[in-house]
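# What the coordinates show
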Amino acid sequence: MLSGGFVALVTVAYFGLLFGVARWGDARADAGRSIINANVYALSLAVYCTSWTFFGSVGRATSGGLSFLTIYLGPTLMLLCVGVVIKMIRIAKAQRITSIADFIAARYGKSPLLAGLVTVIAVIGVVPYIALQLKAVAASLDILFPDSGTAAGLLGVDSTLLVAAVLALFTILFGTRHLDATERHEGMVAAIAVESVVKLVAFCAVGLFVTYGIHNGFADVFARATAQPTLAGLFAPDAARAGNWAALILLSGLAILLLPRQFQIIVVENVDESHLKRAVWLFPLYLLLINIFVLPLAASGLTDPRLAGHNPDTFVLTLPLAHGAEALVLLAFVGGLSAATGMVIVETIALSTMVCNDLAMPALLRSTWLARRQNADLSGTLIAIRRVAIVLILLLGYIYFRAAGEAYALVGIGLISFAAVAQFAPALFGGMYWKQGTRAGALAGLLAGFVVWAYTLLLPSFARSGWIGNGFVEHGLFGIEWLRAQALFGLSGFDEISHCLWWSLFANLGAYVLVSLISTPDAVEAGQAERFVDVFRHGERAPDARLWRGDASLPEITGLLERFLGPARARQQLAAHARMRGLADWRSLPPDAGFVHFAETELAAAIGSASARALMAGVTREEDLRLEEVLDILDEASQVRAYSRELESKQRALEAATNELRAANERLREVDRMKDDFISTVTHELRTPLTSIRALSEMLYDDPRLELEQRTRFLGVIVSETERLTRLINQVLDMAKLESGRAEWTTGEVDVGQVVNEAMVALEPLFREKKVSLTHAIAADLPSVLADRDRLTQVVVNLLSNAVKFVSGGSGQVRVSVVRDDAVLRVAVADNGPGLTAEECTQVFEKFRQGGNTMTDKPQGTGLGLPISRQIVEYFGGKLWVESAPGAGATFVFTVPLPAPDA
Amino acid sequence: MKRSGPTRQRLTAVALAALPLLTFPLLGLPQGEWLSFPAGLVYLFGVWGGAIALAAWIAERPGR
């Protein structure tokens, strides 16, 4: 048996470890090196898994079968709606919101009344949940030390009260150590993440021990359980409870965002929005892992004769205890303790912030006490109020545990709290997406929902414990049958939670929508509605300065900041604000709308938006803006946004047009340059033969006694130069016609093989004269193509005469081939001439670009043959190119597409 | 105005697809035993785990 001293030692050591982690986290945060990364954030979300999960799920599974899983499916689905969560985070950051009460109150015009109501609902609603943790810790102590009994405890003090006291002390040390009330609690978040790991490891260790140590694996556990007819039904979803199933998924989905501690961890403690991307799957994975062994534990506990008569809520401890695994019992105890302390710490910190900012501060602001201590630093007072609130909340939890705790299983108590915080849903989500939702509507909805919740769930839980009479549950209020608390208006067939959820949300949503539609928001509300709903559009920009008008004095406002934030922090923030506005000294800040907004936001972070607004209203002489004015300003603002968007898109269009024009201009210049080049090249090409013709003609003219032989030679040159001139002019004309698209084409069916043959025959003398061999390979049965026969001949003749020009006489070889290649005919003229470099392979198709070295050799052609040939081939839809390498000959290839086969 | 990115929309789509799969009447479909385990249990954990895996894949893909 474990000794009390040893358990106490382990507990103290464990708490010491957590405290060390928290101090480390805080120190790192102060040093600006946050230890909160995506994984820590995701794990800290698992503060959702409390004693309820650790002990209660097994108990729930023994009676409700698979329905315990709904509590984890809801959060999985809700977290996947990342857009909603990111919007909440964005709003909270923009408005420096520190709690869910603050969030709802800020949306509806920073209403102190609404903040107070939300706080009251949260405290009353969550107290049972805190009682659940106390009950679980007390019960596990009872298991560990069965002889002492709950009532005896240490030094005659009730052990549950002792647990509550220790937890209160621990929470105070954890959450309100900093004098600075505005900071996030990074150390606490880190400690919570550690606790999450501990409870998962502990639970899975017990699960593995039971499944594989006591039994032979999952299949064995289930086989044993399903052998008992009473248990077989536990493992199948029960369609008869479909309504309850859906209600619990909805309830838990809402709870993951609306429980004060979940809001604290997910929204307030969020350091970086991108951490959500990890949390969105890591947290559900955590939930899945911690639930894998729940059913095996439940089945195993129910079938184990040694546990007969034990409370199923304690199977996690009693199963290893019954099998003598004491180390495991201790681990499970520490895991359960982790689950309880984590929940209590975060929940009471969140609630104490709300109580301090939204219940105590408004009272304080009205009291004369504050007025008398005109210049005192109040940041210490804030911390003191929070500490008192923590103690009071835990005390309330203890009282509830004494009053009603014994009558309920763990899960039953927790669900009462879930149903309470679900009442925040219409006002909160409505406020985020519906501008028309008003303060009056939110108040009406919350009140209606809360009253129905209290009547159908909270009071019956008291009645069940015998604390108050249960007549209203059995027979209805005043004996009216329709008002039976858990069968309101005769609605039955649900369990009490679904029944409450259905009626309370109906009343809540109905009242919220109805009252919102018939009431008008005031100016502040309308402004806040805009900032909440359109938070993504407003972004980080400062709010419209015109939404505040009045007089303020710098010393009064800085005085306020120093009182509530503490002088050091206040000066730091003032200096940062002054820097942002480009001022060296904060004392020279103008007390304008922007400064008032800054001061109010800073105060809001410390004491909540409603109290901050009330305080600021006290030191500034603010003119009331009428609702119409505010709406005008907001409308104007959105119009300006629309105009600027329009302007932006016009500017983009203009830029695009400018770019197009610039490109077109560039092309025109290029064409112009090409035309100039062309003209200068043509005139140059024309001048060369003209010069020689003129020179020879002058010689003939000047010297009539020239010998006949000489004369004949000169005239021969003149004739050939004239021919070249004519050819050149013809080709230039041809080229111009082709390029302008005015060439005449007579398209018909052409047998390419025949065209090639004819061209070869026509040029044969040329080849023979230069002693160049000409061979051919023309495939048989070539289909005919659609082309202009003469033009095609022109191309082949051009390629052949080029080839014969560049090969050397005697050893030159030219080979022509025509083959069918897929959907084209491919004509290739290969020679064994000097070949072309890669650069020349493209240059030869440019106009007036001669093959060979034009500087040293006499030009052998006009330089227009290949460009013209390419124009012709491309006109028929084919291609002309050259494949060559220096020294390896050149192969000119062109293709002509075959006509599409007739359909 | 920022529009919600494709990742956010895809994650929401996973939630919308998982919701009917994890509630009645579809939840009533698995009956008897699968792989010698209770069918309902295997089905619930399977769909749940599948949704988590899908979400992890969508959220952790690089370049977004």
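What comes next is a walk through the structure.

### A closer look at a nonpolar patch on the surface
Residue and element names in this part refer to chain A. Residues Val388, Leu392, Leu395, Leu396, Ile399, Leu459, Trp467 and Ile468 make up a contiguous nonpolar surface patch of about 690 Å² in total accessible area. Ranked by residues supplied to the nonpolar patch, first place goes to helix H19 (residues 379–404) with 5 residues. Note that Leu396 resides in helix H19. For Leu396, a relative accessible area of 39% gives the class partly exposed.

### Some points on the interface of chain B and chain A
In this complex, chain B contributes 28 residues to the contact, which on the side of chain A involves 35 residues. Across the interface of chain B and chain A, roughly 3000 Å² is buried in total on both sides, 79% from carbon and sulfur atoms. When the area that chain B buries against chain A is broken down by residue, the three leading residues are B:Arg8, B:Phe24 and B:Trp48, summing to 23%. Between the two partners, chain B and chain A, sit 1 salt bridge. Linking A:Arg278 and B:Glu60 is a salt bridge whose minimum nitrogen-to-oxygen distance equals 2.8 Å. At the junction of chain B with chain A, the criterion picks out 4 residue pairs in polar contact (both at pLDDT 80 or more).

### Description of the packing of aromatic side chains
All names here are of chain A. One pass over the full model with this rule turns up 26 aromatic pairs over all chains. With 6.0 Å between their ring centres and 75 degrees between their planes, Tyr129 and Phe418 make a pair best called edge-to-face. Of this pair, Tyr129 sits in helix H7 (residues 112–144) while Phe418 sits in helix H20 (residues 410–421); the two residues are 289 residues apart in sequence, bridging distant segments of the chain. Judged by its relative accessible area of 1%, Tyr129 falls in the buried class. Overall, the relative accessible area of 1% leaves Phe418 in the buried class. What links up through ring pairs into an aromatic cluster is the set Tyr48, Trp52, Tyr72, Tyr129, Phe283 and Phe418. Between the NZ or CZ atom of Arg791 and the centre of the ring of Trp745, over which it lies, the distance is 5.2 Å.

Cut-offs used in this document
- Residues numbered from 1 in each chain as written.
- Chains lettered and ligands numbered in written order.
- Predicted model: local features only at pLDDT ≥ 70, side-chain atom pairs only at ≥ 80, totals over all residues.
- Heavy atoms only, no water.
- Patch = residues over 30% accessible without salt bridge, like charges linked within 9 Å, V, L, I, M, F, W, Y side chains within 5 Å.
- Areas by Shrake-Rupley, 256 points an atom, 1.4 Å probe, with all protein chains shown as cover.
- Salt bridge = Lys/Arg side-chain N within 4 Å of Asp/Glu carboxyl O.
- Helix = DSSP H or I, 4+ residues; strand = E, 2+ residues; numbered from the N terminus.
- Buried < 20%, exposed > 50% of the residue type's maximum accessible area, 1.4 Å probe, protein only.
- Contact = heavy atoms within 4.5 Å.
- Buried area = accessible area lost by both parts, 1.4 Å probe.
- Polar contact = N/O pair within 3.5 Å; in protein donor to acceptor, adjacent residues only side chain to side chain.
- Phe/Tyr/Trp six-rings, centres within 6.5 Å; stacked < 30°, edge-to-face > 60°.
- Lys NZ or Arg CZ within 6 Å of the ring centre and 35° of its normal.

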